[in-house]
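Observations on the three-dimensional arrangement
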Amino acid sequence: MNLQTLVVKIGTSSLTQNSTGNLAIATIAALVETLTALRHQGHRVILVSSGAVGVGCARLGLKERPRTIALKQAVAAVGQGRLMRVYDDLFTTLQQPIAQVLLTRSDLVQRSRYVNAYNTFQELLRLGVIPIVNENDTVAIEELKFGDNDTLSAMVASLVEAEWLFLMTDVDRLYSADPRSNPDAQPITLVQHLDELRQLQVETGGSGSNWGTGGMMTKIEAARIATSAGVRTVITSSQSPRNLEKILQGEAIGTHFAPQKSTSNARKRWLANAVIPSGKLYLDEGAVRAICQGGKSLLAAGILEVFGEFEPSDAVQLCDRSGREIARGLVNYSSDELDRIRGRKSDEIPEILGYIVADTVIHRDNLVLSGSSSDAPELNNTDPLH
Ligand SMILES: Nc1ncnc2c1ncn2[C@@H]1O[C@H](COP(=O)(O)OP(=O)(O)O)[C@@H](O)[C@H]1O
Ligand SMILES: N[C@@H](CCC(=O)OP(=O)(O)O)C(=O)O
């Protein structure tokens, strides 16, 4: 059998009972059995588990999700420990070692911490451990949060170069609208490209339970991140974890999102998926063409407008005249400097600024196309991860 890296995400609505918020023990036990079986078959398995806030609420007798950030962070601290205790008891029964990995967005934004997280996951997987990942809710600050575990799981799948991301939830697949409120909603089984969902006018609604967050919206965003990193993504029911094995054997269960051609360059994957842009550059048609079709670096001459405040080495979005993002990259100049040199030739930079940092505003090595990063010509791979 083809041994693969699998990231499995399970949401609060599946881990807890909607009416009481208590743990759904049977679901968790079935999941633990399945993941252990997949491990024994030789697959490398990572579980991204929500539930800290939900379990914390149940433990403290709170009847709804906390609304203030401080309360949510406190409740998550109560719930995370209990959740891990349950997982450890069940996995230990099957002699399967696990590890707790708590991440915040800032752990992936900074390149050195991203590489460090990558190395830690590789060691855990090499040791045969199933890492159980959650957002570090207790310390995550608003601007540096994943905010939902669908996004977190997609970023983890991209980080570890997984073959599969399974988003296990309380519906069996994606529908054209929320099946709870629309009995006529049509099931969607295969999405070759996310543009199809726009054409089908899929409604993503809110969460189906009192405890889940984001509903289908965050799952589709997760599918976008994962598939653009080359990870096949499946939305499937948490009620039948054994289905994961059937899906791996080729059965068409759930909604499948086909992987897109992705860059093999790990640094570019980090740039495309993990960094948070601090600004935006609007480019003229010539610059858009040079970047999208020619695989060229960005020069100051092609920049029309500069938005946001940023420093050299920060990430920015590159947009065409209409504001559509075409690429992301790490700048050689600050926003103040770019405001002064935009639209000007590179040989004019020393005269305008009194110095020159680089001929390019963004070198092609630090640039990745949005959507299908693979369109950019591949470069020599000098990345420490490869
Ligand atoms: N188009 C759709 N197709 C399927 N489910 C949808 C759709 N739009 C909204 N939903 C709702 O999304 C819910 C799952 O999201 P959520 O409660 O956030 O789950 P989780 O806790 O697993 O992340 C479903 O119960 C369903 O009611
Ligand atoms: N980190 C949070 C999970 C937030 C979240 O995304 O929840 P869900 O939509 O149920 O996957 C927790 O453990 O409660």
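Residues numbered from 1 in each chain as written. Chains lettered and ligands numbered in written order. Predicted model: local features only at pLDDT ≥ 70, side-chain atom pairs only at ≥ 80, totals over all residues. Heavy atoms only, no water.

**Points about the nonpolar core**
For clarity, the cut-off: As used here, the term nonpolar core means buried Ala, Val, Leu, Ile, Met, Phe, Trp, Tyr and Cys residues forming a set that is joined through side-chain atoms within 4.5 Å. Exposure classes here rest on a 1.4 Å probe applied to the protein chains alone. A residue is buried below 20% of its type maximum, exposed above 50%, and partly exposed in between. Every helix listed is a DSSP run of H or I at least four residues long, and every strand listed is a run of E at least two residues long, numbered separately from the N terminus. Domain extents, as shown, originate in an automatic or database domain assignment. Two residues form a contact once any of their heavy atoms are found within 4.5 Å.
Residues V7, F121, V133, L174 and L197 are the most contacted members of the largest nonpolar core, which totals 50 residues. Of all the secondary-structure elements, those providing two or more residues to this core are strand 2 (44-49), strand 3 (98-103), helix 6 (111-126), helix 7 (149-159), strand 5 (164-169), helix 9 (215-228) and helix 11 (266-273). Residue assignment places this core across two domains, with domain 1 (5-257) and domain 2 (272-369) each supplying three or more. Residues within four places of L197 in sequence aside, it is in contact with L174, I188, V191, V202, I220 and F257. In this structure, L23, V55, V86 and I132 belong to the second largest nonpolar core, which totals 29 residues.

**Comments concerning the domain arrangement of the protein chain**
As a measure of interface size, the accessible area lost when the parts come together is often cited. The test is simple: The buried area of a pairing is the accessible area, by a 1.4 Å probe, that goes missing from both parts when the two are put together, added over both.
Assigned domains within the protein chain: domain 1 (5-257) and domain 2 (272-369). Of the residues lining the interface, 11 residues belong to domain 1; the matching set on domain 2 comes to 4 residues. In this assembly, domain 1 packs against domain 2 so that about 540 Å² is buried in total across both faces, 55% of it on carbon and sulfur atoms. If you sort the residues of domain 1 by the area they bury against domain 2, R105, V109 and M155 come out on top, with a joint share of 53%.

**As for the environment of I10**
Tracing the backbone shows I10 in strand 1 (residues 5-10). A relative accessible area of 0% means that I10 is categorised as buried. Excluding its chain neighbours within four sequence positions, the residues that come into contact with I10 are L15, T27, L31, L47, V48, S49, S50, Y87, M168 and S238.

**A closer look at the pattern of salt bridges**
Put simply, the rule is: Only one rule defines a salt bridge in this text: a Lys or Arg side-chain nitrogen within 4 Å of an Asp or Glu carboxyl oxygen.
Taken as a whole and assessed by the stated rule, the structure comprises 16 salt bridges. Between E245 and R242 there is a salt bridge whose closest N-O contact spans 2.8 Å. R242 sits in the partly exposed class, given a relative accessible area of 43%. Residue E325 pairs with R328 through a salt bridge whose shortest N-O separation is 2.9 Å. On the accessibility criterion, E325 (23% relative accessible area) is partly exposed. You can call R328 buried: its relative accessible area is 17%. Counted as one network, the salt bridges with shared partners bring together K9, D150 and K219.

**Side note on the pairing of strand 5**
To be explicit about the condition: Think of it this way: DSSP has to see at least two bridges between two strands before they count as a pair.
Most of strand 5 sits out of view: 6 of its 6 residues are buried. Sheet topology note: the strand 5/strand 7 (residues 232-237) ladder contains 6 bridges and is parallel. Residue pairing in the sheet places T169 in a bridge with S237 of strand 7.

**Re the sheet that holds strand 7**
Strand order in the open sheet formed by 8 strands is 3-4-2-1-5-7-8-6, with mixed pairing between adjacent strands. Strands at the two margins of the open sheet, each flanked by one partner only, are strand 3 and strand 6 (190-191). As paired strands, strand 2 and strand 4 (residues 130-135) are joined by 2 bridges and run parallel to one another. Bridge assignment links V48 to a residue of strand 4, and that residue is V133.

**Looking at the site of ligand 1**
What counts, and what does not: If a single non-hydrogen atom of a residue is within 4 Å of a molecule or strand, that residue counts as near it. Under this definition, polar contacts are N or O atom pairs within 3.5 Å; protein pairs additionally need one hydrogen-donor-capable and one acceptor-capable atom, and for neighbouring residues in sequence, both atoms have to be side-chain atoms. Each residue gets one of three labels, nonpolar for Ala, Val, Leu, Ile, Met, Phe, Trp, Tyr, Cys and Pro, charged for Asp, Glu, Lys and Arg, and polar for the others, Gly among them.
In the vicinity of ligand 1 there are 26 residues, among which T169, D170, R180, E203 and K219 approach most closely. Residue K9 places a side-chain N or O atom 3.1 Å away from an oxygen atom belonging to ligand 1. At 2.7 Å from an oxygen atom of ligand 1 is found a side-chain nitrogen or oxygen belonging to K219. Secondary-structure elements contributing two or more residues to the shell around ligand 1 are helix 1 (12-15), strand 5 and helix 9. When residues in the shell around ligand 1 are grouped by element, the largest group, 3 residues, is from helix 9. Class assignment for the residues of the shell around ligand 1 results in 7 nonpolar, 12 polar and 7 charged.

**Side note on the site of ligand 2**
To keep it simple, the criterion reads: Areas reported here follow the Shrake-Rupley algorithm with a probe of radius 1.4 Å; residue values treat only the protein chains shown as occluding.
Around ligand 2 sit 13 residues in total, of which K9, T12, S50, D137 and N149 are the nearest. At 2.8 Å, a side-chain N or O of N134 approaches an oxygen atom of ligand 2. One of the backbone nitrogen or oxygen atoms of N149 is found 2.7 Å away from an oxygen atom of ligand 2. Across the complex, the protein chains shield 97% of the 390 Å² of accessible surface that ligand 2 would expose by itself.

**Remarks on the sheet that holds strand 9 (residues 279-283)**
Applied cut-off: To get an axis, a line is fitted to the C-alpha atoms, and for a helix only the part in contact is used. The angle between two axes follows their N-to-C directions and goes from 0 to 180 degrees.
An order of 10-9-11-12-13 is seen for the 5 strands of this open sheet, with the pairing classed as mixed. Here the strands that pair on one side only, and so sit at the sheet edges, are strand 10 (303-308) and strand 13 (367-369). The sheet shows a mean angle of 25° between the axes of neighbouring strands, taken without regard to direction. Direction of pairing for strand 9 relative to strand 11 (residues 315-319): parallel, over a ladder of 4 bridges. Considered in strand 11, the bridge of G279 is made with V316. Contacts from helix 11 reach strand 12 (325-330) and strand 13, with the element oriented near 115° to strand 12.

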